[in-house]
Amino acid sequence: ADPAAAAGVLDVLVVGAGAAGVGVALMLVQTFGLDESRVLLLERGGSVGETFRRWPAEMRFISPSFNQQGWTSSFDLNS
């Protein structure tokens, strides 16, 4: 086991386990190769995505959009 991980040392702390938070955590581990034991995903609710489910229905359409090239420097989080 990684001694830094056992000591609670993290490389990244992702706050919010909604769609974007889960996506960021997965990208960091799967695409960029970070050690998953050093990436912590926090959610203030009792389960993944709970806070998002509490949003008003009219706000639930908000999500990141990516071009066909996947994770590049040209994605738009506001579309």
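Being a predicted model, the structure only gives us computed values, none of them experimental.

Chemist: Explain the overall build of the chain here, please?
Modeler: Each helix and strand counted, the chain has three helices and two strands in total. Beginning at the N terminus, the succession of helices and strands in the chain can be written as α-β-α-β-α. Scored against the burial criterion, the 79 residues of the chain give a buried share of 14%. Across the chain, every contact between residues at least 6 apart in sequence was considered, and the portion connecting residues at least 24 apart equals 50%. Only carbon and sulfur atoms are counted for the fraction: they give 60% of the accessible area of the chain, which is about 5800 Å².

Chemist: Would you explain the environment of aspartate 11 in this entry?
Modeler: Structurally, aspartate 11 is set in the loop between helix H1 (3–6) and strand E1 (12–15). Along the chain, aspartate 11 and serine 37 lie 26 residues apart, while their C-alpha atoms are 9.2 Å from each other. The residues contacting aspartate 11, other than those within four sequence positions of it, are Leu34 and Arg38.

Chemist: Would you mind showing me how to read a nonpolar patch on the surface here?
Modeler: Judged by side-chain polarity, Leu10, Leu13, Val15, Leu40 and Leu42 come together as a nonpolar surface patch covering roughly 430 Å² of accessible area. The class of leucine 10 is partly exposed, set by a relative accessible area of 37%.

Chemist: Help me understand the pattern of salt bridges in this model?
Modeler: When their charged atoms lie close together, side chains carrying opposite charge are able to pair. If you walk through the whole model with that rule in mind, you get one salt bridge. Across the salt bridge formed by aspartate 11 and arginine 38, the nearest N and O atoms sit 2.8 Å from each other. Remark: arginine 38 occurs in the loop between helix H2 (19–31) and strand E2 (39–42) and aspartate 11 occurs in the loop between H1 and E1; sequence separation between them is 27 residues. In this structure arginine 38 comes out as buried when scored by relative accessible area, which is 15%.

About the cut-offs
- Residues numbered from 1 in each chain as written.
- Predicted model: local features only at pLDDT ≥ 70, side-chain atom pairs only at ≥ 80, totals over all residues.
- Heavy atoms only, no water.
- Helix = DSSP H or I, 4+ residues; strand = E, 2+ residues; numbered from the N terminus.
- Buried < 20%, exposed > 50% of the residue type's maximum accessible area, 1.4 Å probe, protein only.
- Contact = heavy atoms within 4.5 Å.
- Areas by Shrake-Rupley, 256 points an atom, 1.4 Å probe, with all protein chains shown as cover.
- Patch = residues over 30% accessible without salt bridge, like charges linked within 9 Å, V, L, I, M, F, W, Y side chains within 5 Å.
- Salt bridge = Lys/Arg side-chain N within 4 Å of Asp/Glu carboxyl O.

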